Amino acid sequence: MLFMVKMRRILVFLLLALAILFTPARTQTQSQVQKSSPTNVDKRVDALLSRMTLQEKLTLIGGMHNFFTRPIPRLGIPSLKMSDGPLGVHDYGPTTAYPAGIALAASWNTDLAQRVGVSMGRDARARGVNIVLAPALNIYRAPMNGRNFEYFGEDPYLASRMAVSVVEGIQSQNVIATVKHFVANNMEYDRHHINAVVDERTLREIYLPAFEAAVREAHVGAVMDSYNLVNGQHMTQNAHLNIDILKHEWGFDGILMSDWGATYDGIAAANAGLDLEMPSARYMTPANLVPAIQQGKVSVATINDKVRRILRKAIQFGFFDRDQTDRSIPLYDQRGREIAREEARESIVLLKNDGNLLPLDPTKLKTIAVLGPDAYPAVIGGGGSSQTTPFNQVSFLEGISNYLSPPVNPFNDTVLAGMGEHVGFNAKVLYAPLSAKGTLDPKMEPLLSTADAVILCVGFNPDTEGEGADRTFSLPAGQDDLIRQVAALNKNVILVITAGGAVDMTRWIDRVPTILQAWYPGEEGGDALADILFGDFSPSGKLPASFERRWEDNPTFHSYYPQRDKSVAYSEGIFLGYRYYDRSNTKPLFPFGFGLSYTRFQYSDLSISPREGSDPDSVTVSFDVKNVGSRAGAEVAELYVGDSHSTVPRPVKELKGFARVFLRPGEKKQITLTLNRRSFSYYDVKNKQWTAEPGPFSILVGGSSAQIELTGSFTLTK
Ligand code: BGC
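What you see is a predicted model; the values in this text were computed from it and never measured.

Below, the discussion takes up the environment of V503. Relative to the helices and strands, V503 is located in the loop between β15 (493-498) and β16 (514-517). Separated by 47 residues in the primary sequence, V503 and R550 have C-alpha atoms spaced 8.9 Å apart. In this structure V503 touches F460, R471, F473, L475, I497 and W508, once residues within four positions along its chain are discounted.

Written as structure tokens, this is what we have:
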């Protein structure tokens, strides 16, 4: 009997050993690592937590070496590696530099946003990065905010859809995304001290929805608290926003980290929901917290909750079970380049095109002049922590030149591979460098007046627009004069603007026939611009923010900068951007959602079902869009909902759906969008809930917020 038991034990042992030996090592390719089930995760977290000393727990809640969490080797707890975004995963050498967040929003393409997220996730895995500090979700309030370029524009619905897609994309690669900067970090001026005074309804309807969607729909793994104060409390000490809303109401179970140096009081932050102080523990230290725990000012349960959150995400994302570095993904990734180019191409907005100067016919061009401070070298992004160094970058000058006269192989005179399609154009590309002061060389003036077209590239760069300071509304010094000077020499000026938002165009808007908003187009921007200039691709980007004519026209004009103390009262409330212009006599220069195309689209056959009903969760809105022009192109169709019967003031209309559709000439497609109760609701502050009041709502469909093509209604009966 004893012999039998022994034999059985030996057999089991042998089988186990064989199983371990022959279980294939997990391959490290994309998105195939299974997330552990919540129960297993919790069990593993509990087991680890029960073995940790208080000192070890406190070790875990502060970072090190700028972008890492601290490991605990005794328990096998790994150090988590972070990298900045949102324009590229760039803290560990060259990488793909994508267009800016505002550019992505201008594409209104959620599928593209998801693929951009996947690509960033791959970039992260190739570099062993566990946590990417992206996407950035603050709302565009005024054009001067130095970081508008990183964000998704003025509308909470558009920003939410972009946020969900990017987060899902990044996290599909088993990399944690971090939405930032929570919340009301809408200016860079004095960002450590600015106190954003925002009423609850405005927070709920304008500034919070993108974060809420990232948490509730995309289950984002991390959130970053911003530097500023909201309603008198630094965000890292703001229990109402961090605990009541983010963690309790939205059910956020991930890591709430501070922005770099945004913790100001260790005990207050510990009690207000901050889980991880970055870049290192300066305030949430054992020296501060151990006595606080002993004196009952901070509970051990509070510390446990922070540790739990960090361990939970690390286990859930597989960081305990595999190497985060996926060597099957190339560091220099051609797929990333393609996505960056597609993104840039879809994001460029054609603002003005008098006399259909664009597209240019490359077969008819003899001389094309390219100049301006943003023509060469490439300006791919704004300044600050998002700044990304790519392996290669294509300036506007190079993109245009490569298109018209592709580089030739020096050894056998053949056109280099991949460029062959455009061989045969005779156009000469004339580059007119500016003086150190940014002025035009008088010698170039004749060389310019005879060109068939002038591509004048103006705008900002990382020194003039970026993190840590606000920028001017007007273009950098001298550029207005340059535009006027060039426009006086040549009537075919195509102005390309590199900027994170609107600029003051009043001094020259009537003198240039064609204007393109290129945002910050990333490493492939030059090729993307050429695709558009020469008609290979019809522009399809639409503005994610209203462009005011004069700064005085912006609803935040009186409140954007603090008056006496450091407080900024968001006195425009929910009436920001088009929500303001819709009810004002002042109209923007270019409205939210606007962008021209090389073709024309016709909208028809709006149908709403049910037309009347009590269940707003099943409202579908269908309509047809037809390409009635002569070129293929994509249209972004926008769906707005208006409520004029409400008991509280509401905007004339609000964006609640959109779709991007590609159509060949003559082609027609039906678009179906779905609305839910939230689409009809406002935030009822008294009852602390979203409320849709019964009655008729207008359903408005069109090509911009100022160009409604189809109008219908839906009556909510309860
Ligand atoms: C920025 C964050 C960034 C962090 C780390 C901060 O200055 O505000 O967006 O992720 O630095 O570089």
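Let's pick the thread back up.
Taken as a whole and assessed by the stated rule, the structure comprises 45 salt bridges. For the salt bridge of K247 with D275, the shortest nitrogen-to-oxygen distance reads 2.9 Å. A residue pair is termed long-range when its members are at least 10 positions apart, and K247 in helix α9 (residues 239-249) and D275 in the loop between α10 (266-271) and α11 (286-294) qualify at 28 residues. Assessed through its relative accessible area of 0%, D275 is described here as buried. By sharing partners, the salt bridges in this structure join R147, E150, E188, R191 and E467 into a single network.

In the vicinity of the ligand there are 13 residues, among which D84, R147, H181, D259 and E467 approach most closely. H181 has a polar side-chain atom sitting 2.7 Å from an oxygen atom of the ligand. Within the side chain of E467, a nitrogen or oxygen atom sits 2.6 Å from an oxygen atom of the ligand. Considered on its own, the ligand offers 310 Å² of accessible surface; in the complex 92% of this is hidden by protein. Grouping the constituent residues of the shell around the ligand by class yields five nonpolar, two polar and six charged.

Let us look at the packing of helix α14 (residues 396-404) against helix α17 (residues 525-533). The contact between α14 and α17 brings their axes to 7 Å, and the two run at 55 degrees. With respect to α17, the axis of α14 lies oblique. Crossing of α14 against α17: the hand is right-handed. Side by side, α14 and α17 meet where F396, G399, I400, N402 and Y403 of the first sit next to G525, G526, D527, L529, A530 and L533 of the second. Per-class residue counts for the contact of α14 with α17 are six nonpolar, four polar and one charged.

As enumerated under the stated definition, the model contains 27 aromatic pairs in all. With centroids separated by 5.2 Å and ring planes inclined at 70 degrees, the aromatic side chains of F182 and F211 adopt a geometry described as edge-to-face. Of the two residues, F182 is situated in strand β5 (residues 176-182) and F211 in helix α8 (residues 209-216); the sequence distance between them amounts to 29 residues. You can call F182 buried: its relative accessible area is 0%. Exposure remark for F211: the relative accessible area of 1% places this residue in the buried category. Seen from their ring centres, Y560 and Y561 are 4.6 Å apart, and the 80 degrees between their planes marks the pair as edge-to-face.

The rules behind each value
- Residues numbered from 1 in each chain as written.
- Predicted model: local features only at pLDDT ≥ 70, side-chain atom pairs only at ≥ 80, totals over all residues.
- Heavy atoms only, no water.
- Helix = DSSP H or I, 4+ residues; strand = E, 2+ residues; numbered from the N terminus.
- Contact = heavy atoms within 4.5 Å.
- Salt bridge = Lys/Arg side-chain N within 4 Å of Asp/Glu carboxyl O.
- Buried < 20%, exposed > 50% of the residue type's maximum accessible area, 1.4 Å probe, protein only.
- Near = heavy atom within 4 Å.
- Polar contact = N/O pair within 3.5 Å; in protein donor to acceptor, adjacent residues only side chain to side chain.
- Areas by Shrake-Rupley, 256 points an atom, 1.4 Å probe, with all protein chains shown as cover.
- Nonpolar A, V, L, I, M, F, W, Y, C, P; charged D, E, K, R; others polar.
- Axes fitted to C-alpha atoms, helices over the stretch in contact; angles between N-to-C directions.
- Parallel < 35°, antiparallel > 145°, perpendicular 65-115°, else oblique.
- Left-handed = near helix turned anticlockwise from the far one by under 90°.
- Phe/Tyr/Trp six-rings, centres within 6.5 Å; stacked < 30°, edge-to-face > 60°.

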